[in-house]
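Examining the three-dimensional arrangement
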Amino acid sequence: MTEEKPKPGPVVNDFSITIGTVNGSGSQTANTTLMRAFFKMGIPVSGKNIFPSNIQGLPTWYTIRLSKDGYVARSETTEIVVAMNKDSFQEDLEKLIPGGVFLYADDIRQEVFREDVLAFPMPVKKIIRESDTPRKLRDYLNNMVYVGILAHLLGIEVEKLQQALDFHFNGKQTPIDLNMEVINRSMKWAAENLEHESPYRVEAMDGTDDYIMSSGNTAGALGSIYGGLQFAAWYPITPATGLPEAIMKYRPEVQTDPETGKYKSVVVQAEDELAAAGMTIGAGWAGLRSMTATSGPGLSLMGEYTSLAYYAEVPVVLWNVQRMGPSTGLPTRTSQGDINLAHYLGQGDTQHPILFPGSVNECFEFGWKALDLAEELQTPIMVLIDLDLGMNQWMTSPFEYPDTPIKRGKILWEEDLENLDWEWGRYLDKDGDGIPYRTVPGNTHPKSAYFTRGTGHDDYANYSEDPETWDENIKRLNRKFELARTLVPKPKIHRRDGAEIGVIAFGSTDPAVSEAGDILEAAGVRVDYLRLRALPITTEVVEFIQEHDRVYVVEMNHHGQLHQIISQDIPEQALKMVSLTYNTGLQLTADWVKNAILTEEPGFSEKPGSFSD
Amino acid sequence: MTEEKPKPGPVVNDFSITIGTVNGSGSQTANTTLMRAFFKMGIPVSGKNIFPSNIQGLPTWYTIRLSKDGYVARSETTEIVVAMNKDSFQEDLEKLIPGGVFLYADDIRQEVFREDVLAFPMPVKKIIRESDTPRKLRDYLNNMVYVGILAHLLGIEVEKLQQALDFHFNGKQTPIDLNMEVINRSMKWAAENLEHESPYRVEAMDGTDDYIMSSGNTAGALGSIYGGLQFAAWYPITPATGLPEAIMKYRPEVQTDPETGKYKSVVVQAEDELAAAGMTIGAGWAGLRSMTATSGPGLSLMGEYTSLAYYAEVPVVLWNVQRMGPSTGLPTRTSQGDINLAHYLGQGDTQHPILFPGSVNECFEFGWKALDLAEELQTPIMVLIDLDLGMNQWMTSPFEYPDTPIKRGKILWEEDLENLDWEWGRYLDKDGDGIPYRTVPGNTHPKSAYFTRGTGHDDYANYSEDPETWDENIKRLNRKFELARTLVPKPKIHRRDGAEIGVIAFGSTDPAVSEAGDILEAAGVRVDYLRLRALPITTEVVEFIQEHDRVYVVEMNHHGQLHQIISQDIPEQALKMVSLTYNTGLQLTADWVKNAILTEEPGFSEKPGSFSD
Amino acid sequence: MARKKRVNELGLSKSDYAGASTTLCAGCGHNAIIGQMIAACFEENIPPEKLVKFSGIGCSSKAPTYMLKRSFGFNGLHGRMPSLATGALLADMSLIGIGMSGDGDTASIGMGQFKHIMRRNVPLVYVVANNGVYGLTKGQLSATAEEGLALKRQGQNKYMPIDIVWEALVGRASFVARGFSGDPKQLKTLFKAALHHRGTAVIDVISPCVTFNNMDDSHHSYAWGKIHEVALHELSFVPPGKSIKVKYEKGETAEVTLHDGSQIILKKLGRDYDPNNRGAALQLLEEANKKNELVTGLIYINPKQISIFDIEYLPPSPLNRVPDEELRPSRDSLDKVNAMMF
Amino acid sequence: MARKKRVNELGLSKSDYAGASTTLCAGCGHNAIIGQMIAACFEENIPPEKLVKFSGIGCSSKAPTYMLKRSFGFNGLHGRMPSLATGALLADMSLIGIGMSGDGDTASIGMGQFKHIMRRNVPLVYVVANNGVYGLTKGQLSATAEEGLALKRQGQNKYMPIDIVWEALVGRASFVARGFSGDPKQLKTLFKAALHHRGTAVIDVISPCVTFNNMDDSHHSYAWGKIHEVALHELSFVPPGKSIKVKYEKGETAEVTLHDGSQIILKKLGRDYDPNNRGAALQLLEEANKKNELVTGLIYINPKQISIFDIEYLPPSPLNRVPDEELRPSRDSLDKVNAMMF
Ligand SMILES: Cc1ncc(C[n+]2csc(CCOP(=O)(O)OP(=O)(O)O)c2C)c(N)n1
Ligand SMILES: Cc1ncc(C[n+]2csc(CCOP(=O)(O)OP(=O)(O)O)c2C)c(N)n1
Ligand code: SF4
Ligand code: SF4
Ligand SMILES: [Mg+2]
Ligand SMILES: [Mg+2]
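Residues numbered from 1 in each chain as written. Chains lettered and ligands numbered in written order. Predicted model: local features only at pLDDT ≥ 70, side-chain atom pairs only at ≥ 80, totals over all residues. Heavy atoms only, no water.

1. Here's the deal with helix α10 (residues 273–285) of chain A
Residues and elements named next belong to chain A. Its 13 residues place the ends of α10 18 Å apart at the C-alpha level, agreeing with the 18 Å of an ideal helix rising 1.5 Å per residue. For α10, the tally of buried residues reaches 13 of 13 residues, placing the bulk of the element in the interior. The N-capping residue of α10, defined by a side-chain oxygen 3.1 Å from the backbone nitrogen of Leu274, is Asp272. Positive backbone phi, approximately 100°, marks Gly287, located one or two places after α10. (Helix = DSSP H or I, 4+ residues; strand = E, 2+ residues; numbered from the N terminus. Expected span 1.5 Å × (residues − 1). Buried < 20%, exposed > 50% of the residue type's maximum accessible area, 1.4 Å probe, protein only. Polar contact = N/O pair within 3.5 Å; in protein donor to acceptor, adjacent residues only side chain to side chain.)

Below, the structure written as structure tokens:
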């Protein structure tokens, strides 16, 4: 997979560590502790958990990339490997670059068959045995051994590890002490016993000032709460579960009514996704800021209800934390394969705006913006992220308080109706923008009540099968969609002087594509980069494509779904666009993007790595 | 709506009749009797039922078009109106062309406000009262009065009415006699009392020789049976219900085992569409020729299971008899709005071939072909028709016996496995065409069993989360899809000398588009017409578009879904294509198509009627 | 009727409770349900604005259109009315929800949601207009059709019926009743009681489909119901704050007091029956089903069972009227949240 | 073990019934189910090729991977195993279906399909590995969790539990049993009986999730089960054509004979219990639920209840082996059909 020979030698704050463990063994604690310690040392860092769809006993990997230049995409190379799992020992060893460092638990009785690496056996069992760890916790603390040994080898500051554990255990002293004891012992052992020195080192820097760490799911939950979320119904599904769980976790902190001590929101774990959709739509209809979160299989089940919400014009937000499909697919691997599904969800001529947060911070921002948009447009709004963005911890600038007041859209209460100088009808397009005024249950004005249905209706919500009435109504719905084009978040564009080609990407691939831009520039190819943040596409997107000779649309699915959607939206630009897709379940890398573009660019001939046509 | 003044005068076998009644009043018997009598007189005829989503008491219309030239599309004009329903009296009267004939029940005490029509009050109650009709049947026989009066006015042969009733009542003498008695009495009354003569007449001709009448649903059911259908699971939904009900009706006739007297198939009414999909897929997996039939809302519910069938490579056929959406929409009105839904059904990168029968006869043909294709490709095959084609009675050439033997695709039984000289794996692409070999439960060969799942797997059906394995498998699935391109039915092309523009349409709009071609030719505009019969598009479609300056894609939905799909498939031709959409719930008319094309064509300026942008 | 009877305590006439005129078939059992629901709401002096109607899809599910035009309503998806109602009712807990469903709607496609709304005890008058057939789609067998029922085009039912009342009992609904469209008086009283119950009140109403399933020997026909109905008791309802008008002999009646102080009076008919005993109710149903008896009345009630309104930790004023300023947590709190992140 | 015991009458060893090695957590109750199912099939001498495995999604639904590798299997969708099994089993009625599900799989998303497979009495050994929690998605409350159960991250369960056995009883399943992963002997016998039953055999197995719901006071833990289990009887199973080995005192046992002549022997334990009486079973459950008893054993059986195999009008040989020539009706018949059209 790696083509260039890396030069051994002291490398500071610029390498990757891959840790192979067994899932359910508590390695998450060890791995996030490591990552957080780097983060606290001011080193830009990212961590990716590659785990199986299983609870206990199968191979799991965690890769940590340290990058003094702030690149947080997955790297194709790994300079350090920690092998704790005998089942993946060989594979893990193979991953390492020549000259890399290989740490392995010494009870794995397998041959270190490579001679071009620095191998260190770790006496994991022994260190643990000699520690104060109670017998029944030993299995869980095994992993702290490599934390300690790495701390020694790389030069991690112990107090940063301590801080990470403080955070992890929420200040609970006993587990913190137990873990620290193992770390200290392991560091000591390493200092006394390791002969070679690692060529890789960490040094404190100031690359993470003002940053926090969080996952997209947590950010989406918090963003929704700061968007005035009042109702969420959900059904557990990986990788979306973390989002509603984070609502439940943070809502007592920030949403409690000071007088009554009660929350101002409801979270219901539904019996399935059909019910989650129904509850969410019922709540949205009745005037609550309402959302659900699911993943592909669940979104499939929500199709019929979403079609109703679209036609009955019920504001709701649907988060889809994408995993690899079709079908159950790879439920713990990442993908961006549900764009078609989300965009067209439902029978008939349905079409929904989609927001694509491209960072954890934006998950927060789009959390509240989606609720605004849903109520402004009175329609379902999709928010698409993926497992990588949703479940992994990312560095991010702190969440920013919304800079616009809550937008509730056109809603009429008793006094509004009383003061109206025109005859209100639920679906009457009074303002000519396609958006009617709505009332909600509880409104006691005698004119407020109306009957909502998924069948044909006229401006006054009366049942109608009249052809013209139907047609007019559908046209109005499509005017709303055109209006959405002007309301959804505009793309972020990064230009480079003289660039003749462009790249379009979105969501979790942003770091890889950004980095690829830098690499390409170094290789003499300048690209402008448009990070799409929503569908339908806005004028900026059209202009961007117009301005460039070629535009690469980079996405993590097989069919190039976004490429297709943009192509059909602006057929006059379609031939300029080239679809580049990567769809293996792993996160995109800058190398892959660079190679994929160079393969297409005239005058370059590098072959891409694993290129999913 | 009509622009040209029709010339009054004797018009033979070339006019339309619109009958406005109350639903649940038994008018269906009267209306189909009329249509069948025309048919038996050899006059090309079509009948369209425009009915409400209701069982009893609401306005219903039936339009019969007689066309000596064989045009069977709905006509925008109506020359004769029969008004039996006071609630639609006014509307019905307005429909009539100037000089048209207006028959109405004389107990509707409303003013005939038009003077440019020939109005005939009908003493319906009186005739019935004087007839032998038992009191409790009177309401049902009311409608036979207009049959009799029309018979007199138009010159319908009485024995043809008799034949139609014989058929309708399956030879049961009592109802036949009761109905005939009313018809005869009404004819007599008309002969004696009507002063004016109708300018419209029928005359026997030979335009229906060798034709039969049937609905698309019946034809689809029969086609499936002749395709060796063994399993169908379904859940009632208009307008698809008729398809499984026809299987149940005809299966005893043709599928009974002569020895045991048992059927060789199972039909299960499931508890919902999720279960119908699951059963169908279970059966398909276990080696039965298997299908389900539903409409939009039901298809939405089948998404997740279809995604599984796609990924696990289970052959099944899904019929979608389209009605107007989104949501519950207009459940008794026609549309072609589920193309996106069917094409992409499911989460992840799913994509399914679609067959588009364009006639009742083709419903039969694609009924068996779809089952062949599903097993050959080991994937779900969609068949899309609509309410108009599915539920209305159409003239059609008789069903033709399949001209190729049943194709079961690559299936291995005990002896096949025994004789294999390579190691079979369920998903191993031995032949390089993307299609693996399958075994089914009951196979007792020790190597035959494998485990099917919706999660990642390798060639031998073992669980796998390996990135490369996943990617390879998805690529193979897409090779199958490319292979489908060569196996699906090719389009039918009707060329006219010197035509520079083309039209693409599919399904139930065929008669309207064909007729429009003739009208356009008469107006000096020559169009070639490609009737698409399947997705993915075949090379013929690409060539057709290449050959023309402009290509109109005509469809009954709002977004121009087919237009979008073709555009993204061949972006290099996209700019040539113009989307023309009509989406009111009514059937397309030739006039609409003509106007829509002329509006777009340089040098013509007619305005289209009800043009759904 | 005397003139003064024509308005209720709110000064509303019965027509204030009416809906669009029905387009159901003449004689359809569902029309009786509509009529009695209108009467119950009128007589109980419930402001129409305080009622919200929900339904699935089916002839039965059209019923909300034909009643209570001054109330909000939502005609949702086939079988999935309960989830819609659950979400909506939490927006304003002072509203009274009426859910209309059919046997196809509830017992086939809707089985899951039916079971789960009961688990949550969402306050809702959940009426199943049960005709053993799919009316709107023109006469297919439903899951409540008795074994052996033969319908035109469908042939004989070969599968075992689902009993809505039985399902509600083991589903632990806090109010389980059965009515019959041919017994409008009892129906109205059941509706009244249900409107005052704080929890899911499942009322299985045998409601004949005169067009597709009204053969004399069909278990969902008028004729069959008239013959086989066994009322468990004679019911009357005493609204909150009112007192019992009729005097009964001691031991002749039992009372159930609802959470708002209203009372259901059960006058003994034939057998002793205690609607507070679920075990007995289950057994009763098993026996009645064996004997082909159509048991009607209040079959089970537990007015004390905690409802979702009590369970969810919500402020007393309607959630959907929380002002914008209160919806968004404070700026300070976000600083706290940011600090909570690593 | 003695050497000759290592193969069964088919000459197969137990490893011929094994599957891939389990990746469930060590100690997971589901592992006991897998072990006993393997043992039951082995001891009953069922050819692995005659078994077909189905499942939904969940840790429980992974079980088919870990047993019977020589049998076909289909791991379908969450909650929708029953429909898959229904379609597949009709393809060859000589096959024996085993359906593995979980409590989330069956009682939440799968409630509808669970109810409807019982109505149709599709022959299937339907095992619900019931741990009161969502294992695979990491510890959310399931619908069978008892009121008040508190789980990490989830808080307390506020809703009423769904009782699988109760649901199966009113759903008219023809075979209803409850087992406990901590009582493997009984489990194996229940599986044996179920494998011979012609109809849907619902077996609710309390199967602890050691990772997320095995607290001593949780109603789905080993500890709780050990203390609260009340076995209704001691079970043994006599395969078809074999005779009873142990001699019992008169009155001490009851027998149930299955359609293939095999017998279930119920030896009395404490109380008299007749598994042919649904009404009594319902009542038993109500009481047991109140008393927090974990009643196990064969709770209800009706070996005579007609199954879908008997109902559907099918030829005796497997449908999926009908030769191509017979699949398509004759050319003549199509002429007849065309003539039937107008
Ligand atoms: C998802 C879905 N599937 C199917 C239908 C078609 N459908 C409409 S009503 C109905 C059955 C209605 O039966 P029931 O609930 O018993 O009501 P009834 O008409 O008998 O009162 C069906 C199957 C639908 N609307 N939606
Ligand atoms: C449609 C759908 N929604 C959600 C999921 C996620 N999911 C997988 S397993 C599971 C619950 C499993 O619980 P249970 O059936 O009790 O099995 P257990 O793991 O406890 O044995 C869920 C919700 C899914 N696979 N499909
Ligand atoms: S079809 Fe049946 S259920 Fe529907 S309205 Fe008519 S009588 Fe009522
Ligand atoms: S998580 Fe629970 S149910 Fe899943 S394997 Fe582990 S112990 Fe079993
Ligand atoms: Mg019904
Ligand atoms: Mg579970």
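2. A few points about the packing of aromatic side chains
This structure, assessed with the given rule, holds 45 aromatic pairs over all chains. A ring pair is formed by A:Phe89 and A:Tyr104, whose centres lie 5.7 Å apart and whose planes are at 85°; its orientation type is edge-to-face. Taken as a pair, A:Phe89 in helix α2 (residues 89–95) and A:Tyr104 in strand β6 (residues 96–105) lie far apart in primary sequence, 15 residues in all. Exposure class is identical for A:Phe89 and A:Tyr104. Each is buried. An aromatic cluster is defined as three or more aromatic residues linked by ring pairs; in this entry it consists of A:Trp285, A:Trp424, A:Tyr450, C:Phe54, C:Phe72 and C:Phe74. Positioned above the aromatic ring of C:Tyr159 is the side chain of D:Arg120, whose terminal nitrogen or guanidinium carbon lies 6.0 Å from the ring centre. (Phe/Tyr/Trp six-rings, centres within 6.5 Å; stacked < 30°, edge-to-face > 60°. Lys NZ or Arg CZ within 6 Å of the ring centre and 35° of its normal.)

3. Quick look at the pairing of strand β10 (residues 231–234) of chain B
All names here are of chain B. Side chains Phe231 and Ala233 of β10 all project onto a buried face; the interleaved residues Ala232 and Trp234 project onto the opposite face, where all are buried too. With four bridges joining them, β10 and strand β11 (residues 266–269) adopt parallel strand pairing. Its bridge partner lying in β11, Phe231 is registered against Val266. Regarding the hand of the β-α-β motif, the stretch spanning β10, helix α9 (residues 242–254) and β11 is right-handed. As paired strands, β10 and strand β12 (residues 290–294) are joined by two bridges and run parallel to one another. Counted as the bridge partner of Ala232 is Met291 from β12. (Pairing = 2+ DSSP bridges. Right-handed = clockwise from strand over helix to strand, strands pointing away.)

4. Some words on the coordination of the magnesium ion (ligand 6)
Residues and elements named next belong to chain D. The magnesium ion (ligand 6) binds to the protein through Asp103 (OD), Asn131 (OD1) and Val133 (O), with metal-donor distances spanning 2.0 to 2.1 Å. Written as a sequence motif, the donor residues of the magnesium ion (ligand 6) are D-x27-N-x1-V. One end of the pair, Asp103, is in helix α4 (residues 103–108); the other, Asn131, is in the loop between β4 (124–130) and β5 (133–134), and 28 residues separate them in sequence. The same class applies to Asp103 as to Asn131, namely buried. (Donors = N, O, S within 2.8 Å, 3.2 Å for Na, K, Ca; no water.)

5. Quick word on the environment of B:Ala105
All names here are of chain B. With respect to the helices and strands, Ala105 occurs in strand β6 (residues 96–105). A sequence separation of 107 residues divides Ala105 from Ile212, and the C-alpha atoms of the two residues are 33 Å apart. If we skip the residues at most four places from it in the chain, Ala105 touches Ala83, Met84, Met122 and Val124. (Contact = heavy atoms within 4.5 Å.)

6. Things to note about the interface of chain A and chain D
Counting from both sides, the interface comprises 19 residues of chain A and, opposite them, 24 residues of chain D. In this assembly, chain A packs against chain D so that about 1600 Å² is buried in total across both faces, 53% of it on carbon and sulfur atoms. Summed over the shared surface of chain A and chain D, the number is zero salt bridges. At the surface where chain A touches chain D, the tally comes to nine residue pairs in polar contact (both at pLDDT 80 or more). (Buried area = accessible area lost by both parts, 1.4 Å probe. Salt bridge = Lys/Arg side-chain N within 4 Å of Asp/Glu carboxyl O.)

7. Re the sheet that holds strand β3 (residues 45–50) of chain B
All names here are of chain B. The strand order across the open sheet formed by six strands is β3-β4-β2-β5-β6-β7, and the pairing between neighbours is mixed. In this open sheet, the two edge strands, each paired with only one partner strand, are β3 and β7 (118–122). Put simply, the sheet's adjacent strands are angled 15° from each other on average, direction ignored. Note: strand β2 (residues 14–22) against strand β5 (residues 78–83), four bridges, orientation parallel. Along β5, the bridge assignment pairs Gly20 with Ala83. (Axes fitted to C-alpha atoms, helices over the stretch in contact; angles between N-to-C directions.)

8. A look at the coordination of the magnesium ion (ligand 5)
Residue and element names in this part refer to chain C. Of the protein atoms, only Asp103 (OD), Asn131 (OD1) and Val133 (O) coordinate the magnesium ion (ligand 5), at distances of 2.0 to 2.1 Å. Donor residues for the magnesium ion (ligand 5), ordered by position in the chain, follow D-x27-N-x1-V. On the basis of relative accessible area, Asn131 is assigned to the buried category, the value being 3%.

9. Considerations on the site of ligand 2
As a structural note, the neighbourhood of ligand 2 is formed by 24 residues, with A:Glu273, D:Cys59, D:Ser60, D:Asp103 and D:Asp105 the closest of them. Close to ligand 2, residues of chains A, B and D are found. Within the side chain of D:His30, one N or O atom sits 2.8 Å away from an oxygen atom of ligand 2. Note that an oxygen atom of ligand 2 is positioned 2.9 Å from one of the backbone N or O atoms of D:Val133. The fraction of the free accessible surface of ligand 2 (590 Å²) that becomes covered by protein chains is 98%. (Near = heavy atom within 4 Å. Areas by Shrake-Rupley, 256 points an atom, 1.4 Å probe, with all protein chains shown as cover.)

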